[in-house]
Amino acid sequence: MSTELTPQVRRRRTFAIISHPDAGKTTLTEKLLLFSGAIQIAGSVKARKASRHATSDWMEIEKQRGISVASSVMQMEYRDCVINLLDTPGHQDFSEDTYRVLTAVDAALMVIDAANGVEPQTRRLLQVCRARNTPILTFVNKMDREVQEPLALMDEIERELGMEVVPFTWPVGMGKSFHGVMDLREERMRVFTPGEDRNHNDDEILDGLDNPAYAERFGMPYEQAQGEIELLTDAAPAFDSEAFLTGRQTPMFFGSAVNNFGVREVLDALVDLAPAPGARASLQREVAPDEKKFTGVVFKIQANMDPAHRDRIAFVRVASGHFERGMRLKVVRSGKELRPNTVVSFLSQRRELLDEAFAGDIIGIPNHGVLQLGDTLTEGESLQFTGLPFFAPEMFRTVEVADPLRSKQLRAGLTQLGEEGAIQVFRPVASSMLLLGAVGQLQFEVVAHRLEHEYGVKARIMPSRFQVARWVTCDEADGGDKELKRFIDGNSHRVAYDAVDAPTVLVEYAPELRAIEANWPKIKFHALREHA
Ligand code: GDP
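Here the structure is a predicted model, which means the values were calculated and not measured. (Residues numbered from 1 in each chain as written. Predicted model: local features only at pLDDT ≥ 70, side-chain atom pairs only at ≥ 80, totals over all residues.)

Quick word on the overall build of the chain
Inference 1: A tally of helices and strands in the chain yields 14 helices and 31 strands.
Inference 2: For the chain, the share of sequence-separated contacts (at least 6 apart) that also reach a separation of at least 24 residues comes to 73%. (Helix = DSSP H or I, 4+ residues; strand = E, 2+ residues; numbered from the N terminus. Contact = placed C-beta atoms within 7 Å.)

Quick look at the structure:
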């Protein structure tokens, strides 16, 4: 079925770049923006990166909150497509946020440093993509350096990440004798010349994979590449669109982002191979992207620049319909109406892209707390999108106010920070002291700082004995709420409710958890909670 919105949906591509720090994400982002004509902002990506690297201090992260709102979504036009590139926070303590961003994309571009191969952060991010069957394109960067052999890299990616790798280009040499890449589909060679400000159109193109001139001009590196390509022709799997679209196969490209080499091929592949926005699951029904009515889901909340105002920007991934500034929207959870007249303008070279949005696009809605993570917005229909993950925290702290008269402010502050996803807040059944849960230490520091500066609360954040948390549920067939209540009553010293009142069991050691699981066979224990 198609509607008048179908053409708009088909020309959209929404993706994120996943990589380990320093693999070249920032550089690649900049080059991608160059191709779409958004040159004037390319420098701003670098500026932001510079401040991020200046110190890993959390105060810096704080300062950057404002800047990163603007550059956390970049929209560009390339060929006939509207491309949305979502930034994923680099610091690993913020990985929870990153995971949620990955629920809002339709494809991911994995950048691998050719010298380092598959690195830990890449592996973790990829697991999230694979759990959602997100299609992955692979860019092997820094071929202008002495790096690993391409066959070894290919093998490592296949083994470590469990995907079939299909080379679309193949490098001729590396480091000082990097001569370029063979385009295995177009059967031609793109010759490499170094230079930061080179334009892709300046590249010399030579026809054929085994042009007789190659051996003389490129020598040994060519002969090696030729041998490898022969091997690949026999051994590598053919590209299978279905396998790619379900994340089982990844097309691989080689290049050097800093030299703007091999980048355009990736952008073209994104347009040609990556999927347009598809249908999204909700509790009630599947929502098609080209349905007339607007629907969207909040996948990220970010505090705004000015701490005094407590503005927040809700990032909404449009799931269907046509968004226009000023239209009336319903927040399904609360039933409240929202009429966003100001939507945040993300970086774009064409202003008109910002006033309306279609499936796959991201809109930023400033608000004072009306919108929470996981919220569904519609034109009136009661729908709840599923799939926004919350991860069981791995670190816990108790929190108290120095001045008991400010405990109301503490609760208000923590509720808001919890809704933003900056921290998870738990209310223990048997104690009035709140518990904070995080996946990274830095989160606690940021929360303490923000409580003080935005809510005027000096909080004492202290160690907690808990180390492991699991959300608990009970299926109807196993006794449902009644059995769950029995569990909660029997474990009241270690049960707490989270921000949406989902019960959680907290323990000190993993073996303790196994004992509880054995004692309560009808209760289900979850390390991941999907917003419902
Ligand atoms: P990010 O942390 O993944 O965003 O990485 P950056 O884009 O900041 O790159 C990290 C470093 O690698 C920077 O010093 C870049 O200049 C450098 N770099 C990026 N791409 C290349 C490349 O193709 N070749 C070389 N030699 N260096 C690169």
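Let's talk about the sheet that holds strand E25 (residues 434-438)
Inference 1: Read across the sheet, eight strands follow the order E26-E23-E25-E24-E28-E29-E27-E30 without closing on themselves; strand pairing throughout is antiparallel. Since the sheet does not close on itself, it has two edges, and those belong to strand E26 (459-463) and strand E30 (524-526), each with one partner. Each strand axis lies, on average, 40° off the axis of its neighbour in the sheet, ignoring direction.
Inference 2: As defined by bridge partners, strand E27 (residues 468-473) adjoins E30 across three bridges and the pair is classed as antiparallel. Considered in E30, the bridge of Val-472 is made with Phe-525.
Inference 3: The strands touched by helix H14 (residues 510-519) are E27, strand E29 (503-507) and E30; relative to E29, the strand with the most contacts, the crossing angle is about 130°. (Pairing = 2+ DSSP bridges. Axes fitted to C-alpha atoms, helices over the stretch in contact; angles between N-to-C directions.)

Structural notes on the environment of Gly-173
Inference 1: Its location among the elements puts Gly-173 in the loop between strand E7 (169-172) and strand E8 (180-183).
Inference 2: On the basis of neighbour count, Gly-173 is assigned to the buried category, with 20 C-beta atoms found within 10 Å.
Inference 3: With sequence-adjacent residues up to four places away left out, Gly-173 is seen in contact with Phe-178, His-179, Phe-218 and Pro-221. (Buried ≥ 20, exposed ≤ 12 C-beta atoms within 10 Å, placed from the backbone.)

A word on the site of the ligand
Inference 1: Taken together, 17 residues surround the ligand, and among them Lys-25, Thr-26, Thr-27, Ser-256 and Val-258 come closest.
Inference 2: Among the elements that make up the shell around the ligand, the one with the highest residue count is helix H2 (residues 25-35) (three residues). (Near = placed C-beta within 6 Å.)

Observations concerning the packing of helix H11 (residues 407-420) against helix H12 (residues 441-455)
Inference 1: At their nearest, the axes of H11 and H12 sit 10 Å apart, and the two run at 120° to each other. In this view, H11 runs oblique relative to H12, as classed from their interaxial angle. Crossing handedness for the pair H11 and H12: right-handed. The residues of H12 that touch H11, namely those facing Gln-409, Leu-410, Ala-412, Gly-413 and Leu-417, are Val-447, Arg-450, Leu-451, Glu-454 and Tyr-455.
Inference 2: A breakdown of the residues in the contact of H11 with H12 according to their chemical character gives six nonpolar, two polar and two charged. (Parallel < 35°, antiparallel > 145°, perpendicular 65-115°, else oblique. Left-handed = near helix turned anticlockwise from the far one by under 90°. Nonpolar A, V, L, I, M, F, W, Y, C, P; charged D, E, K, R; others polar.)

Quick notes on the sheet that holds strand E20 (residues 362-367)
Inference 1: Read across the sheet, six strands follow the order E18-E17-E21-E14-E15-E20 without closing on themselves; strand pairing throughout is antiparallel. The open sheet has two edge strands with one neighbour each: strand E18 (337-338) and E20.
Inference 2: Note that strand E17 (residues 329-331) and E18 share two bridges and pair antiparallel. Looking at E18, one finds that Lys-330 is bridged to Glu-337.

Side note on unusual backbone geometry
Inference 1: With a phi close to 70°, Lys-142 is a non-glycine residue in the positive phi region.
Inference 2: Looking at where Lys-142 falls in the secondary structure, it is placed in the loop between strand E5 (136-141) and helix H7 (150-161).
Inference 3: A positive phi angle is found at Asp-501, which is not glycine, with a value near 65°.
Inference 4: Within the element layout of this structure, Asp-501 appears in the loop between strand E28 (495-497) and E29.
Inference 5: The exposure class assigned to Asp-501 is exposed, which follows from the 7 C-beta atoms found within 10 Å.

Some points on the nonpolar core
Inference 1: Counting residues in each nonpolar core, the largest one holds 99 residues, and the members touching the most others are Ala-108, Leu-137 and Val-316.
Inference 2: Both domain 1 (17-70 + 106-273) and domain 2 (280-378) contribute no fewer than three residues apiece to this core.
Inference 3: The next biggest cluster of nonpolar side chains, apart from the first, holds 33 residues, and it includes Leu-417, Leu-436, Ala-438 and Val-446. (Core = buried A, V, L, I, M, F, W, Y, C linked by C-beta atoms within 7 Å. Domains from an automatic or database assignment.)

Quick word on the pairing of E27
Inference 1: As paired strands, E27 and E29 are joined by four bridges and run antiparallel to one another. The residue bridging Arg-470 from the neighbouring strand is Val-505, located in E29.

Remarks on the pairing of strand E15 (residues 312-320)
Inference 1: The buried count for E15 comes to nine of nine residues, which makes it a mostly enclosed element.
Inference 2: Relative to E15, strand E14 (residues 295-303) runs antiparallel, the two being bridged by eight bridges. Across the sheet, residue Gly-296 finds its bridge partner in E15, namely Val-318.

Re the confidence of the model for the chain
Inference 1: Per-residue pLDDT for the chain has a mean of 87; in total, 88% of the residues score no lower than 70.
Inference 2: Within the chain, E5 carries the highest mean pLDDT (98), whereas helix H3 (residues 39-54) carries the lowest (48).
Inference 3: Below a pLDDT of 50 lies the segment residues 39-43, which in the model reaches six contacts outside its immediate sequence neighbourhood of four places, other chains included.
Inference 4: Two numbers describe this predicted complex: its pTM, 0.85, and its ipTM, 0.99. (pLDDT = per-residue confidence, 0-100.)

Here we look at the packing of H2 against helix H10 (residues 263-273)
Two packed helices can be described by the angle between their axes and the distance between those axes.
Inference 1: Running from amino to carboxyl end, H2 crosses H10 at an angle of 70°, the nearest separation of the two axes being 10 Å. One way to sum up the angle between H2 and H10 is to call them roughly perpendicular. Residue-level contacts link Leu-28, Lys-31, Leu-32 and Phe-35 of H2 to Val-263, Arg-264 and Leu-267 of H10.
Inference 2: For the contact of H2 with H10, a count of residues per class yields five nonpolar, no polar and two charged.

Quick word on H11
Inference 1: Between its first and last C-alpha atoms H11 spans 20 Å; for 14 residues at 1.5 Å apiece the expected length is 20 Å, and the two agree.
Inference 2: Among all positions in H11, only Leu-410, Gly-413, Leu-414, Gln-416, Leu-417, Gly-418, Glu-419 and Glu-420 are buried.
Inference 3: Remark: Gly-421 follows H11 within two positions and exhibits a positive phi of approximately 90°. (Expected span 1.5 Å × (residues − 1).)

Concerning the environment of Gly-175
Inference 1: Positionally, Gly-175 belongs in the loop between E7 and E8.
Inference 2: Accessibility expressed as a C-beta count within 10 Å gives 14 for Gly-175, which makes it partly exposed.
Inference 3: Once the C-alpha coordinates of Gly-175 and Asn-341 are considered, the two residues, 166 residues apart in sequence, prove to be 52 Å apart.
Inference 4: Beyond its immediate sequence surroundings of up to four residues, Gly-175 is in contact with Asp-144, Arg-145 and Glu-146.

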